Amino acid sequence: MGEKLTLLCPTFNRSIRIEARPEHLTTDPGAVMLREILERLGIISWLTKRITDPRQPELVIHPAAELLYTAILLSAQGWRDQADADLLRHDPALRLAVSTRKGTSPLSPAGARSSARRRSPAGLPSQPTLSRFVGWLATPGNRRSLREALVELASRRVRAQGRGRLRKLTLDVDSLPVEVHGAQPGSQYHGYYKARIYHPIVALAAETGDILDIKLREGAVHTADGALAFILELVDRVEGSLCEVAAVRLDAGFPGEGLLSGLEARGVPYVARIRNNPVLNRMAEPHLKRPPGRPPHEPRTWFHETTYRAESWSRTRRAVLVVQERPGELFLHHFWLITSWTQEQLDAEALLEHYRQRGTAEGYLGELMNVLCPALSSSPRPKGHYRGREPWKRYPSGDAFGQNEVLLLLAALAYNVLHAARVLLEEATSKGWSLMRLRERVLRVAARVVVHGRQVTMVVGRTAAWLWRALWRKLVALRPMAP
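Quick caveat, the model's predicted, so the values are computed rather than measured. (Residues numbered from 1 in each chain as written. Predicted model: local features only at pLDDT ≥ 70, side-chain atom pairs only at ≥ 80, totals over all residues. Heavy atoms only, no water.)

### Let's talk about the overall build of the chain
Where we set the bar: Here a helix means four or more residues in a row that DSSP labels H or I, a strand means two or more in a row labelled E, and each is numbered from the N terminus. Burial here depends on accessible area, computed with a 1.4 Å probe over protein chains only, as a share of the maximum for the residue type. Under 20% is buried, over 50% is exposed, and the range in between is partly exposed. Whether two residues are in contact is decided by their heavy atoms: any pair within 4.5 Å suffices. Each accessible area is a Shrake-Rupley estimate made with a 1.4 Å probe; only the visible protein chains count as cover when residues are assessed. Counted as positive: Lys and Arg. Counted as negative: Asp and Glu, with His and the chain ends omitted from the count. Think of each charge as sitting on NZ of Lys, CZ of Arg, CG of Asp or CD of Glu.
Looking only at helices and strands, one finds 15 helices and 16 strands in the chain. Taken over the C-alpha atoms alone, the chain extends approximately 85 × 50 × 50 Å along its principal axes. The 483 residues of the chain split such that 48% are buried. Long-range contacts, defined as pairs at least 24 residues apart, comprise 68% of the intrachain contacts of the chain with a sequence gap of at least 6. Total accessible area on the chain stands at roughly 24,400 Å², and carbon and sulfur atoms take up 52% of it. Charged side chains of the chain number 69 positive and 48 negative; the gap between the two group centres comes to 7 Å.

Right, dumping it as C-alpha cells:
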C-alpha cells in the first residue's frame, strides 16, 4: 500500500501540510451513479450482444462490456483523452463503476486470480487497450450498432420512467463543426468556421432531449449532404421503438429539392427555414409595412400565407412570411418558413411557435460540444513510441475516419447518460440543471471509498449528499429494462 508522503508545506501558513496517503480517495463518485443508470436501462448488455468482438476469448482480460463502460463513463465524467485511463487506472470509484465483477474484487490488487483462472485486470483498461477497442468498433456493422444504441437508449429511458410510446416526435436535424488538429483523414479547412474541421450531421429528439443519431462527415461537405438517407433511416428506427409519427425540423442550410421531395414521398412532415433571395425579397416587399398607429414598446410579429416554387423545385410548396418589428429599430426583420403541413393542421402562428422550439435543440448541441468536448484524434500514422519507449508490438492503424466516428458516437452515448441523470435530478429538485452544473455539483465531488470485510462504502460530503439522495430516489423508481 505504501507509506504517507509529505508533498509540500506552504510558506504563507506553516501549519498546513500537504500529504499523499495510501487511501481510496476519488473525485469521480458520480461514475457509480451513471453506471447504475446504464445498468437499469440494460443498454450495455443490449449493445454487447450486437457488436462483433474479434479478440480471442482466452486472451481477453477486459470484456467488451467493461471497455464500453470505461469509454462512456470517462467521457461523461469529463476525461476526454484515452490517456486519462492510465492516469486514473487505480481510481476506486471508476474501478467499481466499470467492472463487471461483484463484491470488493474490482478493488483487489493486481494479480489476484479470478474465477476464470486468469489474471484479474489491474485497474482500468490502458490507453493502448482502449485504442484497439476503438479500432475494432470502427467496422461498419459495429458502428451501425452504436448508432442504433442511441435510439434504443432514449426509448428505454422513456419506458423506464413509465411513459408509453410517444404519439409524436420532432427530430431536430442540424450540422455542427468539430475542430481537429493535424491531418485527420477527411478533415478539411472550412472558410466559414476558419478552422480545420469535421462536419457531422446530428439529430435530436425535441420532446426528450436525447441525441438519436450522429454521423461523421468530411470537413468541406455541404450542410445537407447525405441528409435524406440519414433522416429516413432514423425515422424508421424511431417509429419502430420510440414514437408513432416522426416530424422533422430543419434550418436554412437543408432545404433542397431532393430532401424535400424525399420527405414528402415518405409522408414525413417537416418545417424548415429558407434563405432569403431576390425572388423572396420581392414577394415580401408589399408586406413589410408597419400597421397604422404609434409603434408599441413590445416587439410584435405578423404573418403572410403564400406559396413558393424555386427554380430547382418540382412543385409549389406552402410558404409563410414572418415579419418582426423590434422596438428602437428602424427596419423590419423578416424570414420565410416552408412546410408540408397545411394551414388547417398548423396555422402560421402555431408554425412559428413550433419552429422556435428548435433553439432548445441548439442548446443541447452546445452542451455536447462544450461539456463532452469529443476529441477526434485518430490518424493512420503508426505509433513510433509509447511512454518514451518503442512499442514492443505494432498494430495496423486501421480505418482512422471510422475510428473518429466511433469516438463521436461514444461521446453521444455519454451525453445521453448524462442527460438521463439531468432529467431525473430536475424531476427530483423541480429546478433546471445544465450538464456542467450536474457534473460539478453532483458527479465530481470529493469522496472516500472504505473497504471493510466484504462491503464497500463510499463516503461523500454533506454538501452533495442531499442531491445524491434526491437523484437516487428517482433512479430506483426507474423500471429495470431487460437486455
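### A few points about the packing of aromatic side chains
Note the following rule: Any two of the Phe, Tyr and Trp rings considered here, Trp counted by its six-membered ring, make a pair once their centres fall within 6.5 Å; the pair's planes then place it as stacked at under 30 degrees, edge-to-face at over 60, or tilted in between. Any Lys NZ or Arg CZ that is within 6 Å of a ring centre and within 35 degrees of that ring's normal is treated as a charge sitting over the ring.
According to the stated counting rule, one finds 4 aromatic pairs in the structure shown. Each ring, one from Y308 and one from W313, has its centre 5.3 Å from the other, and the planes form 75°; the classification is edge-to-face. Lying across the ring of W433, R437 places its NZ or CZ 3.9 Å from the centre.

### What about the sheet that holds strand β4 (residues 166-175)?
Applicable threshold: Whether two strands pair comes down to DSSP finding at least two bridges between them. In this analysis an axis means a line fitted to C-alpha atoms, helices contributing only their contacting stretch, and an angle means the value between N-to-C directions, from 0 to 180 degrees.
One open sheet accounts for 8 strands, arranged β9-β8-β4-β10-β11-β14-β13-β12; its pairing is mixed. In this open sheet, the two strands that pair with only one neighbour each are β9 (211-215) and β12 (300-308). Pairs of neighbouring strands in the sheet enclose a mean axial angle of 20°, with direction left out of account. Here 4 bridges tie strand β11 (residues 270-274) to strand β14 (residues 333-339), and the two strands are oriented antiparallel to one another. Paired with R273 across the bridge in β14 is L337. Set on the sheet, helix α11 (residues 348-356) makes contact with β4, β10 (243-250), β11, β12, β13 (317-325) and β14; between it and β12 the angle comes to about 105°.

### Digging into the packing of helix α3 (residues 64-76) against helix α6 (residues 127-137)
Each pair of packed helices gets described by two things: the angle between the helix axes and the distance between those axes. Keep this limit in mind: Geometric relationships in this document are graded by angle, where less than 35 degrees denotes roughly parallel, more than 145 denotes roughly antiparallel, 65 to 115 denotes roughly perpendicular, and other angles denote oblique. Each residue is assigned to one class: nonpolar for Ala, Val, Leu, Ile, Met, Phe, Trp, Tyr, Cys and Pro, charged for Asp, Glu, Lys and Arg, and polar for all the others, Gly among them.
Running from amino to carboxyl end, α3 crosses α6 at an angle of 105°, the nearest separation of the two axes being 11 Å. The angle between the axes of α3 and α6 places the two elements in the roughly perpendicular class. Listed contacts from α6 to A64, L67, L68, T70 and A71 of α3 are T129, L130, F133 and W136. Here the contact of α3 with α6 is built from residues that sort into 7 nonpolar, 2 polar and no charged.

### Details of α11
So the rule is basically this: Here, the arc refers to the directions that run from the helix axis to the C-beta atoms.
Of the positions making up α11, those classed as buried are A348, L351, L352, H354 and Y355. In a view along the axis of α11, the buried residues occupy a sector of 160°, so they form one face of it.

### Side note on helix α7 (residues 140-160)
Along an α-helix, residues three or four apart share an orientation, since each turn contains 3.6 residues. How we decide: Expected helix span is given by 1.5 Å per residue-to-residue step, counting one fewer step than there are residues.
Taking 1.5 Å per residue as the helical rise, α7 with its 21 residues ought to reach 30 Å, and the 30 Å between its terminal C-alpha atoms agrees with that figure. By the criterion of burial, α7 is predominantly enclosed, with 16 of the 21 residues buried. The first or second residue beyond α7 is G162, which carries a positive phi of 85°.

### With respect to the pattern of salt bridges
Under the convention used in this document: Note on definitions: salt bridges are taken to be side-chain nitrogens of Lys or Arg within 4 Å of carboxyl oxygens of Asp or Glu.
Applying the stated criterion across every chain, the model contains 28 salt bridges. In this structure, D53 engages R55 in a salt bridge whose closest nitrogen and oxygen atoms are separated by 2.8 Å. By relative accessible area, which is 29% here, D53 ends up partly exposed.

### Here's the deal with a nonpolar patch on the surface
Here is the rule: Patch building starts from residues that exceed 30% relative accessible area and form no salt bridge, then joins like charges within 9 Å and nonpolar side chains (Val, Leu, Ile, Met, Phe, Trp, Tyr) within 5 Å.
Side chains of L5, L7, L8 and I18 sit close together on the surface and give an oily, nonpolar patch of about 360 Å² of accessible area. The biggest single contributor to the nonpolar patch is strand β1 (residues 5-8), with 3 residues. Tracing the backbone through its elements, the reader meets I18 in strand β2 (residues 18-20). What makes I18 partly exposed here is its relative accessible area of 32%.

### So, the packing of helix α13 (residues 400-429) against helix α15 (residues 462-476)
One can describe the packing of α13 onto α15 by two numbers: an axis separation of 9 Å at closest approach and a directional angle of 105°. Judged by the inter-axis angle, α13 sits roughly perpendicular to α15. Here A421, L424, L425, E427, A428 and T429 of α13 lie close against α15, whose contacting residues are W466, L467, A470, L471, K474 and L475. Looking at side-chain class alone, the contact of α13 with α15 contains 9 nonpolar, 1 polar and 2 charged residues.

### Describing the pairing of β10
For β10, a buried count of 6 out of 8 residues is recorded, marking the element as mostly surrounded by other parts of the structure. Direction of pairing for β10 relative to β11: parallel, over a ladder of 3 bridges. Bridge pairing in β11 places R249 opposite V271.

### Some words on the environment of Q82
Our working rule: N or O atoms within 3.5 Å of each other form a polar contact, as long as, within protein, one can give a hydrogen and the other can take it, and as long as residues adjacent in sequence are counted only when both atoms are side-chain atoms.
Within the secondary structure layout, Q82 lies in the loop between α3 and α4 (84-87). In the structure, Q82 is positioned 11 residues away from A93 in sequence and 18 Å away in space, judged by C-alpha atoms. In terms of polar contacts, Q82 uses its side chain to reach the side chain of S131, at 2.7 Å.

### Description of the nonpolar core
If you look at soluble globular proteins, the nonpolar side chains tend to sit buried side by side. Quick reminder of the rule: Nine residue types can take part in a nonpolar core, namely buried Ala, Val, Leu, Ile, Met, Phe, Trp, Tyr and Cys, and a core is a set of them joined through side-chain atoms within 4.5 Å.
With 82 residues, the main nonpolar core has L34, F133, L410, L438 and V442 as its most contacted residues. When residues in this core are grouped by element, the largest group, 15 residues, is from α13. Those residues in contact with V442 that lie beyond four places of it in its chain are L425, W433, R437, L467, W468 and L471. Counting residues in each nonpolar core, the second largest holds 43 residues, with L171, A205, V268 and I338 among its members.

It is worth stressing that arrangement in space is one thing and function is another; only the former is reported here.
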